[in-house]
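Structure assessment
The lines below spell out each chain.
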Amino acid sequence: MTEKISENKMGIMPIGKLVITMSLPMMISMLVTALYNVVDSVFVSRIGEDALTAVSLAFPIQNLMIALSTGTGVGINAMLSMNLGRKDFKAVNRVAMNGIFLAVCSYLIFLVFGLFFTRAFFESQTSNPKIVDYGCQYMNTIAIMSFGIFGQITFDRLLQATGKTLYTLFTQGIGAVINIILDPIMIFGLWGFPALGVKGAAIATVTGQIIAMIMALMFNLKKNHEINFQFANFKPHLQTIRGIYSVGVPSIIMASIGSVMTFGMNKILLSFTSTAAAVFGVYFKLQSFVFMPVFGLNNGMIPIVAYNYGAKNRLRIIKTIKVCVCFAITFMTMGFLIFELFPEKLFALFNASEQMLLIGIPALKIIAIHFFAASFCVVFMSVFQAMGNGVASLVVSVTRQLVVLLPAAWLLSKTGNITMVWWAFPIAEVFSLVFSSLFLRKIYIKQIKPLPEGSVT
């Protein structure tokens, strides 16, 4: 077993090939995930704009689920990969088991929310009873059945940390395909099923997540031989949990800030019209096609950087960062061109009214300006996480979304012109780029530069 681990591809494979091998399955699966998120909203928009708005207002809670699960996953991924690089196999197993325990604890939080607090959440945003009812129908199911998403993401991260990213293509892909197939069936009542409307969209989503979780668990038990799963007599290990959260908590907070930002933006936009909030929700669905491949790229990059940091190989770390920046710029440039050239066609997918087009077309064109700077920021923040500096990512994210973006949007809203509000995104990204560049320079000098040069292919 030791001989097998010592030849882990993250330490010997040529960087360009390694980044593609590690990232491509996750990029594809995340694109499929982005597709089913969009398809979800496309079908919901056929019910009506109020239904689309309700699903958009539910996004902060869904984002919190993703933040908690992926943030914890970042900690699991980084710690497990570092211990693989150090050949500490006992610690590898301990990280895996405590990561699963934390996923169960996270689910219990949202189970309580789904049972008792969904209506209060929607009523805090709007007084429209139709939107509130739609929102509760959707969110109750998503929260109560959220064990699927927590389990899926945790088991996928264990596969990624040991370099078995190909299996995550199947788990995330099958979950997305099931969601896409079930959406029209559950929403509109096809093939003898009852028409469940917005609740049907939620049922389709959680069904895909649960099946994906089961597949990810099976892949780990049968294929992930670098981890020895011991569920019997498990006891939480506080030092390991602290280690996971030392990297993961900044990432969780960083992603959760997105929920605060979205909630705040919805409040600002609802002061104009509910259509503006629907436009913002559509933007978040569409931009996932641009950002998800980059996030997939970075999820593949994190274990590579973490492994080679643990193995003390400076050249492989530096080359990995450079390769990932080039890929990220390519994806973001493509997204920018699509948003600038085809906004009308993008909104046509969502059965957009004239009012939505009037607000939405300039929104997409303005917001897309920040994509190029974001390509650097996303990669840099993933480097921080991989090397145990999640606090740096947290500072950059807080600065961008709370210190700059929300105040800028609020001030621009005082002009009375909804179009001006969208400029808050490019403004915030400029600040993000400056701060992330400064942090990267500091981390390079203190942590990367002192490492032995190592070898690179």
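Refer to the structure printed above.
Keep in mind the model is a prediction, meaning the values are calculated, not measured.

**Concerning the packing of helix 13 (residues 274–310) against helix 16 (residues 354–367)**
Interaxial distance between helix 13 and helix 16 falls to 9 Å at its minimum, and their mutual angle equals 45 degrees. By the criterion of interaxial angle, the relationship of helix 13 to helix 16 is oblique. When the axes of helix 13 and helix 16 are compared, the crossing they make is right-handed. Packed against helix 13, whose contacting residues are Thr275, Ala276, Ala278, Val279, Tyr283 and Leu286, the element helix 16 presents Gln355, Met356, Ile359, Gly360, Ala363, Leu364 and Ile367 at the interface.

**Remarks on the side chain of Ser413**
Topologically, Ser413 is positioned in helix 18 (residues 390–413). Discounting residues that sit within four places of it in the chain, Ser413 has contacts with Ile268, Phe272 and Val421.

**Details of empty space enclosed by the protein**
Inspection of the entire model under this criterion finds two cavities of 30 Å³ or more. In this structure, the second largest cavity spans a volume of roughly 100 Å³. Together, 14 residues line the second largest cavity, and Val55, Ser56, Phe59, Gly281 and Lys285 are the ones closest to its centre. No other element matches the six residues that helix 13 contributes to the lining of the second largest cavity. Of the residues assigned to the lining of the second largest cavity, the class counts are seven nonpolar, six polar and one charged.

**Topic: helix 8 (residues 129–144)**
Taking 1.5 Å per residue as the helical rise, helix 8 with its 16 residues ought to reach 22 Å, and the 22 Å between its terminal C-alpha atoms agrees with that figure. Those residues of helix 8 that sit buried are Ile131, Val132, Tyr134, Gly135, Cys136, Tyr138, Met139, Thr141, Ile142 and Ala143. Between a side-chain oxygen at the N-terminus of helix 8 and the backbone nitrogen of Lys130 the separation is 2.9 Å; the capping residue is Asn128.

**Structural notes on the packing of aromatic side chains**
Counting across every chain of the model gives 23 aromatic pairs. Judged by centre distance (6.5 Å) and plane angle (20 degrees), the ring pair of Phe280 and Tyr283 falls under stacked. In this pair, Phe280 and Tyr283 are both assigned in helix 13, three residues apart and thus about one turn of the helix distant. Residues Phe280 and Tyr283 agree in their burial class; the two are buried. Between the aromatic rings of Phe291 and Phe371, the centroid separation amounts to 5.6 Å while the plane-to-plane angle is 90 degrees, which identifies the pairing as edge-to-face. Taken as a pair, Phe291 in helix 13 and Phe371 in helix 17 (residues 371–386) lie far apart in primary sequence, 80 residues in all. Note on accessibility: Phe291 and Phe371 belong to one class, buried. An aromatic cluster of three or more residues is present, and its members are Phe59, Phe280, Tyr283, Phe284, Phe291, Phe295, Phe339, Phe371 and Phe425.

**Focus: the pattern of salt bridges**
Two side chains with opposite charge may pair up if their charged atoms get near one another. Applying the stated criterion across every chain, the model contains two salt bridges. Across the pair Asp133 and Arg119 runs a salt bridge, and its minimum N-O distance is 3.2 Å. Of the two residues, Asp133 sits in helix 8 while Arg119 sits in helix 7 (residues 118–123), which places them 14 residues apart along the sequence. Look at Arg119 and you get partly exposed, because its relative accessible area is 40%. For Arg400, the salt bridge is made with Glu429, and the minimal N-O distance between the two is 2.7 Å.

**Considering the environment of Ile149**
Assignment of secondary structure puts Ile149 in helix 9 (residues 147–161). A residue is classified by how much of its surface remains accessible, and Ile149, at 11% relative accessible area, is buried. Along the backbone, Ile149 and Met213 are 64 residues apart, and their C-alpha atoms lie at a distance of 7.1 Å. Setting aside its immediate chain neighbours within four residues, Ile149 contacts Ile66 and Gln209.

The rules behind each value
Residues numbered from 1 in each chain as written. Predicted model: local features only at pLDDT ≥ 70, side-chain atom pairs only at ≥ 80, totals over all residues. Heavy atoms only, no water. Axes fitted to C-alpha atoms, helices over the stretch in contact; angles between N-to-C directions. Helix = DSSP H or I, 4+ residues; strand = E, 2+ residues; numbered from the N terminus. Parallel < 35°, antiparallel > 145°, perpendicular 65-115°, else oblique. Left-handed = near helix turned anticlockwise from the far one by under 90°. Contact = heavy atoms within 4.5 Å. 1 Å grid on protein atoms, 1.4 Å probe; cavity = no way out; pocket = protein on both sides within 12 Å on 5 of 7 lines; lining within 4 Å. Points joined across faces, edges and corners; volume = space filled by probe spheres on them. Nonpolar A, V, L, I, M, F, W, Y, C, P; charged D, E, K, R; others polar. Expected span 1.5 Å × (residues − 1). Buried < 20%, exposed > 50% of the residue type's maximum accessible area, 1.4 Å probe, protein only. Polar contact = N/O pair within 3.5 Å; in protein donor to acceptor, adjacent residues only side chain to side chain. Phe/Tyr/Trp six-rings, centres within 6.5 Å; stacked < 30°, edge-to-face > 60°. Salt bridge = Lys/Arg side-chain N within 4 Å of Asp/Glu carboxyl O.

It is worth stressing that arrangement in space is one thing and function is another; only the former is reported here.
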